[in-house]
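What follows is the residue order along each chain.
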Amino acid sequence: MTKVFHIPYGDHPSQFGVLRIPDIPGLSPVVVTIHGGFWQSKYGLEENTPLDEDLTRRGYATWNIEYRRVGEDGGGWSGTFIDVIDAVNHLTQLQERFKLDLSRVVILGHSAGGHLALWLASRYNKVQTDGIGNTLLIPIRSVISLAGVLDLRKMWEIHEEKGMTSPVASFIGGSPQEVSERYRLASPIELLPLNVEQILIHGELDRHVPVDLSIEYHRRAIEQGDKVRLVVLPDVEHFMVIDPSSSAWKSVTDSLESLKVSSGS
């Protein structure tokens, strides 16, 4: 039977995670899940509950993290970035009590959570000079981006072309022209190579985050020598990739199994 724990990693009401522990012997591999919603406070981690329940049934511990978002005190630049690092680092304090294998950690993010997942991966084992948060202490085996916002400048441009106020600008604190350096520090495509294995899964029918963002990111990541795989799913829209009852979900579970984290290899 799955055990579920609501655990704070900071003092703010949004600095917490939901940890699910599978009923298996020995140490559990860990999937950290990061929800989307264009970093806005009206969207929360409950979006990931069905997929976390499915993954836990498959033998993974899941750490579904909440973080300060735009619309909350401290959300956006740079509180959101600080929070996702602190949330993942908090696993070091949970490791012994919950029998977590921190040598087998995968970060899985959807949409804006895909952005944060790849940004996190860029932080491990590198000297940080940008002053955004603490050092990431947990080695990341792989990142799975589900319809991720992998190019913040391009996403901002797409919103501008549609004549809408871009959530990217609200998140970063301005347009690419106004705060260019922030985009350089925060956009995964500008942080390549990450030197972490990556799997990008994206539906062709995605109207929220166009598949072209993952296609171009993949091209550039391969150019720079990263180990990255792209899975483009026909007839799949933005939310099907996080729906365990959809045909798209098998691509996610197959990708996780291909990483062999569940076998301890």
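The structure reproduced in this document is the subject of the present report.

What counts and how
- Residues numbered from 1 in each chain as written.
- Predicted model: local features only at pLDDT ≥ 70, side-chain atom pairs only at ≥ 80, totals over all residues.
- Heavy atoms only, no water.
- Helix = DSSP H or I, 4+ residues; strand = E, 2+ residues; numbered from the N terminus.
- Rg over C-alpha atoms; globule rule 2.2 N^0.38 Å.
- Buried < 20%, exposed > 50% of the residue type's maximum accessible area, 1.4 Å probe, protein only.
- Salt bridge = Lys/Arg side-chain N within 4 Å of Asp/Glu carboxyl O.
- Polar contact = N/O pair within 3.5 Å; in protein donor to acceptor, adjacent residues only side chain to side chain.

**Looking at the overall build of the chain**
At step 1: When its secondary structure is counted, the chain shows nine helices and eight strands.
At step 2: Here the C-alpha radius of gyration of the chain, 17 Å, is about what a compact globule of 265 residues would show, namely 18 Å.
At step 3: Taken along the three principal axes of its C-alpha coordinates, the chain extends 50 × 40 × 35 Å.
At step 4: Within the chain, buried positions represent 55% of all 265 residues.

**Thoughts on the pattern of salt bridges**
At step 1: In total, this model carries 13 salt bridges according to the counting rule given.
At step 2: Across the salt bridge formed by R69 and E72, the nearest N and O atoms sit 3.3 Å from each other.
At step 3: With relative accessibility at 5%, the residue R69 sits in the buried group.
At step 4: For E72, a relative accessible area of 21% translates into the label partly exposed.
At step 5: Residues R153 and E190 are paired through a salt bridge, measuring 2.5 Å at the closest nitrogen-oxygen approach. Taken together, the residues R153 in helix α5 (residues 152–161) and E190 in the loop between α7 (180–186) and β7 (197–203) connect sequence positions 37 residues apart.
At step 6: Overall, R153 belongs to the partly exposed group, its relative accessible area being 22%.
At step 7: When salt bridges with common partners are traced through the structure, they connect E216, R219, R220 and E223 into a single cluster.

**Re the side chain of R68**
At step 1: Counting through the fold element by element, R68 comes out in the loop between β4 (61–65) and α2 (79–89).
At step 2: Separated by 2.8 Å, the side chains of R68 and D83 make a polar contact.

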